[in-house]
Amino acid sequence: MAAGAAQALPDVSPLEGGARLALAGDWTLAASRRLEQKAQEIVDFGRRSTFVTIDLSGVSRLDTAGAWLINRSRRLLAGANVAVVIEHARPEHDILLEEAAYREFPPRARGRISIVAELLSDIGRAVVSSAREFYRGVAFLGEFVSVMAFVATHPKHFRGTSLVAHMELVGLRSAPIIILINLLVGSIVAQQGIFQLMRFGATSYTVSLIGILVLRELGVLLTAIMIAGRSGSAITAEIGSMKMREEVDALRVMGLSVIEVLVAPRVLALVASLPILTFIADIAALFGGMLVSWGYGGISPVAFTSLLRDAIGLNTFMVGIIKAPFMALVIGLIATMDGLATLGSAESLGRQVTSSVVKSIFMVIVLDGLFAVFFASIHY
Amino acid sequence: MTFSERDGSGAIGPHGDVTISVRDLVVGFGDKLVMKGLDLDVYRGEVLGFVGGSGQGKSVLTRAILGLVPTRGGSIRIFGKNRDSLPPAERRALEQRWGVLFQNGALFSGLTVKQNIQMPMRETRDLSPRLMDELAMLKIELVGLKPDAADKFPSELSGGMVKRAALARALALDPELVFLDEPTSGLDPIGAAEFDELIATLQKTLGLTVFMVTHDLDSLYSICDRVAALAEGKVIAAGPLETLLQSDHPWLKAYFHGVRGGRLAATIPD
């Protein structure tokens, strides 16, 4: 094919007042840019004459690209007042030349605006869209609460099986990774605590450090972030692809509430699972801290437990646990809402999953900050 | 009487030049065999209609020929070459000589129609942006789409427009061989007839070889040069439609002389 294309050079034999261009070889797309060069050569040769005969007898293969270029050259020459005749075209080439007749395609109107204007309009658009998103979020929360109220008064609509299935996915299946991560973080906090406090001879305070830090903040925060990344993304992708394949619309036309069928079981599963996972995470982190304190700091488990008992109270533990369901609610609502906002393309699905994870992690941290202020002000 | 492609080979081909040749193909999933020693020839320049009941493996065969499904035995030769034994570069060159229209279009959802059509050109050919634009617009017009469809995304198109856009993409590199998987499914009868006509016109002008999986009896009657029928993991009959209409195979009888097939068969003189 490539060898044929190499002969595509038009063979010129000058006639009186005109030129005869004999084309040869393959005039196909496979010749790529060379084909365009040849077409340009036809025009360049032709311009010098008053009439041109294009002889196609040597063309072995012709495709739409070749036909298009021949037609375009013909049109360009006609524009320069050169008469063009095409000779010896095979019947199938004739049909092709006719199908690929040259026509102008209206150029797309593309408004050119300055970079500053574009930047400003982008900023404006971003502000408006985040405001709109916040509004949608609040509306979604309201809708969710009203559906929950309906389900509470009509227990028949409570989807127990679905709830349990999602709790298995969200809760049970993430337990191993959450235990592992919290065990490691507990160990690291213990090691750092012992290492830094050793200089002041205050190694035993490490236990207070671990107890308070893990129970109040780290346990719940790490778990919530893990769940936002692990389950939030899965929920968005699942609902998003259901939206793309019109499954969500199918539910809607059956007269079913999307919130009741798709959103409620997932969000409730998250709300129920996250406190349990937080508790497991707390235990894992404390256990990791205890192991390191024992091995690295020489604090025996018996001493560790008794020091821990002095350092923390039930309220320390509750501060972490109380936050969990609220974080779960935020993760679940953002994940489902972003899933439902997916449009038709694969790109849009990817964007929604990213935005869901980023937004839920951000909101989890914001929420944690608000709770910190709240608990500090009520001295809890 | 059932006859396989091999028994009646040679004479049936309009040109005798074989584009796809499948021999003794075995394809299976788990312990279930879908293709049990299948033989099939597609000749150059013909439109081959491929029929078979749902779940008989029409799509599996297409995917096996395209190399999307691993085979367990037999050989598939396309343009006279066995794809599995080709070095990667030649294999890619071979794959650029065919175009595929998937059943649901399989347009890239993140690209506009025009970008979809330009994708194969951009990736495999060195063309000026102007020529790529012009060729994409030409293809869009060839398949009967309006120019303003060029800048639309697949999610904004109707079912018929998706098929047309997907056909335009399949034709982007002016392939010699085109695979069409149920091209008229999901189109209204008028749209389907137009699409059949479009395929026939393009086949004539571009000299395409067309391998068409279809359920549409109208398409079989109007544009197919030859029809091959698949059942029980084999090609049970292949040849001009008239031959298949006279076949005694129970499935073929039910297919062509059933309630829907019978109406059309009656219009063809025996």
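## What about the overall build of chain B?
Link 1 in the chain: Helices and strands together make up the secondary structure of chain B, namely 10 helices and 10 strands.
Link 2 in the chain: Taken against the 2.2 N^0.38 rule, which gives 18 Å for 270 residues, the C-alpha radius of gyration of chain B at 19 Å falls within 12% of a compact globule.
Link 3 in the chain: Reported as C-alpha extents along the three principal axes, the dimensions of chain B are approximately 55 × 45 × 35 Å.
Link 4 in the chain: For chain B, with 270 residues in total, the buried portion stands at 54%.
Link 5 in the chain: Taking all contacts inside chain B whose residues are at least 6 apart in sequence as the whole, residues at least 24 apart take part in 67%.
Link 6 in the chain: Of note, chain B has its 30 positive side-chain charges centred 4 Å away from the centre of its 34 negative side-chain charges.

## Concerning the overall build of chain A
Link 1 in the chain: In terms of regular secondary structure, chain A is built from 13 helices and 4 strands.
Link 2 in the chain: The C-alpha atoms of chain A give 36 Å as radius of gyration, which overshoots the globular expectation for 380 residues (21 Å, by more than 25%).
Link 3 in the chain: At a minimum sequence separation of 6, the contacts of chain A that also span at least 24 residues come to 82%.
Link 4 in the chain: Accessible surface, chain A as shown: approximately 19600 Å² in total, 67% of it carbon and sulfur.
Link 5 in the chain: Computed over 32 positive and 30 negative side-chain charges, the inter-centroid distance for chain A is 5 Å.

## Overview of the interface of chain B and chain A
Link 1 in the chain: Contacts between the two partners involve 26 residues from chain B and, on the opposite side, 26 residues from chain A.
Link 2 in the chain: For the pair chain B and chain A, the summed buried surface comes to about 2400 Å²; carbon and sulfur atoms form 59% of the total.
Link 3 in the chain: Between Arg72(A) and Glu134(B) there is a salt bridge whose closest N-O contact spans 2.4 Å.
Link 4 in the chain: Put simply, chain B and chain A have 7 residue pairs in polar contact (both at pLDDT 80 or more) between them.
Link 5 in the chain: Looking at the side of chain B that touches chain A, the elements that each hand over two or more residues are helix H4 (129-142) and helix H6 (189-206) of chain B.

## Some remarks on the sheet that holds strand S7 (residues 177-181) of chain B
All names here are of chain B.
Link 1 in the chain: Here 6 strands make up an open sheet; going across it, the order is S6-S7-S8-S3-S9-S10 and the pairing mixed. Strand pairing shows two members of the sheet lacking a second neighbour, strand S6 (98-101) and strand S10 (234-239), which therefore form its edges. Averaged over neighbouring strand pairs, the angle between their axes works out to 15 degrees when direction is ignored.
Link 2 in the chain: Strand direction decides the pairing type here: strand S3 (residues 47-52) and strand S8 (residues 209-213), joined by 4 bridges, are parallel. Paired with Phe-50 across the strands is Val-213, a residue of S8.

## A look at H6(B)
Residue and element names in this part refer to chain B.
Link 1 in the chain: The terminal C-alpha atoms of H6, which comprises 18 residues, lie 25 Å apart, in line with the 26 Å expected from a rise of 1.5 Å per residue.
Link 2 in the chain: Taken together, the buried positions of H6 are occupied by Gly-191, Ala-192, Phe-195, Asp-196, Leu-198, Ile-199, Ala-200, Leu-202, Gln-203, Thr-205 and Leu-206.
Link 3 in the chain: Where H6 begins, the capping side chain belongs to Asp-188, and its oxygen is found 3.0 Å from the backbone nitrogen of Ile-190.

## Side note on the packing of aromatic side chains
Link 1 in the chain: Scanning the entire structure with this criterion turns up 10 aromatic pairs over all chains.
Link 2 in the chain: For the pair Phe279(A) and Phe317(A), a centre-to-centre distance of 5.9 Å together with 80 degrees between the ring planes defines the contact as edge-to-face. Separated by 38 residues along the polypeptide, Phe279(A) in helix H10 (residues 258-295) and Phe317(A) in helix H12 (residues 314-340) bring together distant segments of the chain.
Link 3 in the chain: The partly exposed category is assigned to Phe279(A), whose relative accessible area is 41%.
Link 4 in the chain: Ring centres 5.5 Å apart and planes at 55 degrees place the aromatic pair Phe179(B) and Phe211(B) in the tilted group.

## Some remarks on empty space enclosed by the protein
All names here are of chain A.
Link 1 in the chain: For the structure shown, the criterion picks out 3 cavities of 30 Å³ or more.
Link 2 in the chain: Reported here for the largest cavity is a volume of approximately 70 Å³.
Link 3 in the chain: Lining the largest cavity we find Met-148, Val-151, His-157, Phe-158, Arg-159, Leu-163, Glu-260, Ala-264, Pro-265 and Leu-268.
Link 4 in the chain: Broken down by secondary-structure element, the contributors of at least two residues to the lining of the largest cavity are helix H5 (115-153) and H10.
Link 5 in the chain: Here the lining of the largest cavity gets 4 residues from one element, more than from any other, and that element is H10.

## Quick look at the environment of Leu62(A)
All names here are of chain A.
Link 1 in the chain: Looking at the secondary structure, you find Leu-62 in strand S3 (residues 51-62).
Link 2 in the chain: Spatially, the C-alpha atom of Leu-62 lies 49 Å from that of Gly-339, the residues being 277 residues apart in sequence.
Link 3 in the chain: Among residues more than four places away in sequence, those in contact with Leu-62 are Trp-27, Thr-28, Ala-67, Ile-70, His-93, Leu-96 and Leu-97.

## Considering the nonpolar core
Soluble globular proteins tend to bury their nonpolar side chains together.
Link 1 in the chain: If you look at the biggest cluster of nonpolar residues, it comprises 84 residues, and the most contacted ones within it are Leu135(B), Leu167(B) and Phe256(B).
Link 2 in the chain: Of all the elements, H4(B) adds the most residues to this core, at 8 residues.
Link 3 in the chain: If sequence neighbours within four positions are ignored, Leu167(B) has contacts with Leu101(B), Val143(B), Leu180(B), Phe195(B), Leu198(B) and Leu202(B).
Link 4 in the chain: In this structure, Ala228(A), Leu262(A), Ala264(A) and Ile331(A) belong to the second largest nonpolar core, which totals 44 residues.

## Side note on the side chain of Lys139(B)
Link 1 in the chain: Mapped onto the secondary structure, Lys139(B) falls in helix H4.
Link 2 in the chain: In terms of polar contacts, Lys139(B) uses its side chain to reach the side chain of Asp174(B), at 3.2 Å.
Link 3 in the chain: Once residues lying within four places of it in the same chain are set aside, the contact partners of Lys139(B) are Thr64(A), Ile117(B), Ala168(B), Leu171(B), Ala172(B) and Asp174(B).

## Thoughts on the pairing of strand S4 (residues 83-87) of chain A
All names here are of chain A.
Link 1 in the chain: Pairing geometry for S3 and S4, over 5 bridges, is parallel. Considered in S4, the bridge of Ile-54 is made with Ile-86.
Link 2 in the chain: What joins S3 to S4 is helix H3 (residues 64-79), and the crossover it makes is right-handed.

Cut-offs used in this document
Residues numbered from 1 in each chain as written. Chains lettered and ligands numbered in written order. Predicted model: local features only at pLDDT ≥ 70, side-chain atom pairs only at ≥ 80, totals over all residues. Heavy atoms only, no water. Helix = DSSP H or I, 4+ residues; strand = E, 2+ residues; numbered from the N terminus. Rg over C-alpha atoms; globule rule 2.2 N^0.38 Å. Buried < 20%, exposed > 50% of the residue type's maximum accessible area, 1.4 Å probe, protein only. Contact = heavy atoms within 4.5 Å. Lys, Arg positive; Asp, Glu negative; His and termini not counted. Charge placed at Lys NZ, Arg CZ, Asp CG, Glu CD. Areas by Shrake-Rupley, 256 points an atom, 1.4 Å probe, with all protein chains shown as cover. Buried area = accessible area lost by both parts, 1.4 Å probe. Salt bridge = Lys/Arg side-chain N within 4 Å of Asp/Glu carboxyl O. Polar contact = N/O pair within 3.5 Å; in protein donor to acceptor, adjacent residues only side chain to side chain. Pairing = 2+ DSSP bridges. Axes fitted to C-alpha atoms, helices over the stretch in contact; angles between N-to-C directions. Expected span 1.5 Å × (residues − 1). Phe/Tyr/Trp six-rings, centres within 6.5 Å; stacked < 30°, edge-to-face > 60°. 1 Å grid on protein atoms, 1.4 Å probe; cavity = no way out; pocket = protein on both sides within 12 Å on 5 of 7 lines; lining within 4 Å. Points joined across faces, edges and corners; volume = space filled by probe spheres on them. Core = buried A, V, L, I, M, F, W, Y, C linked by side-chain atoms within 4.5 Å. Right-handed = clockwise from strand over helix to strand, strands pointing away.

What is shown is where atoms sit, not what they do.
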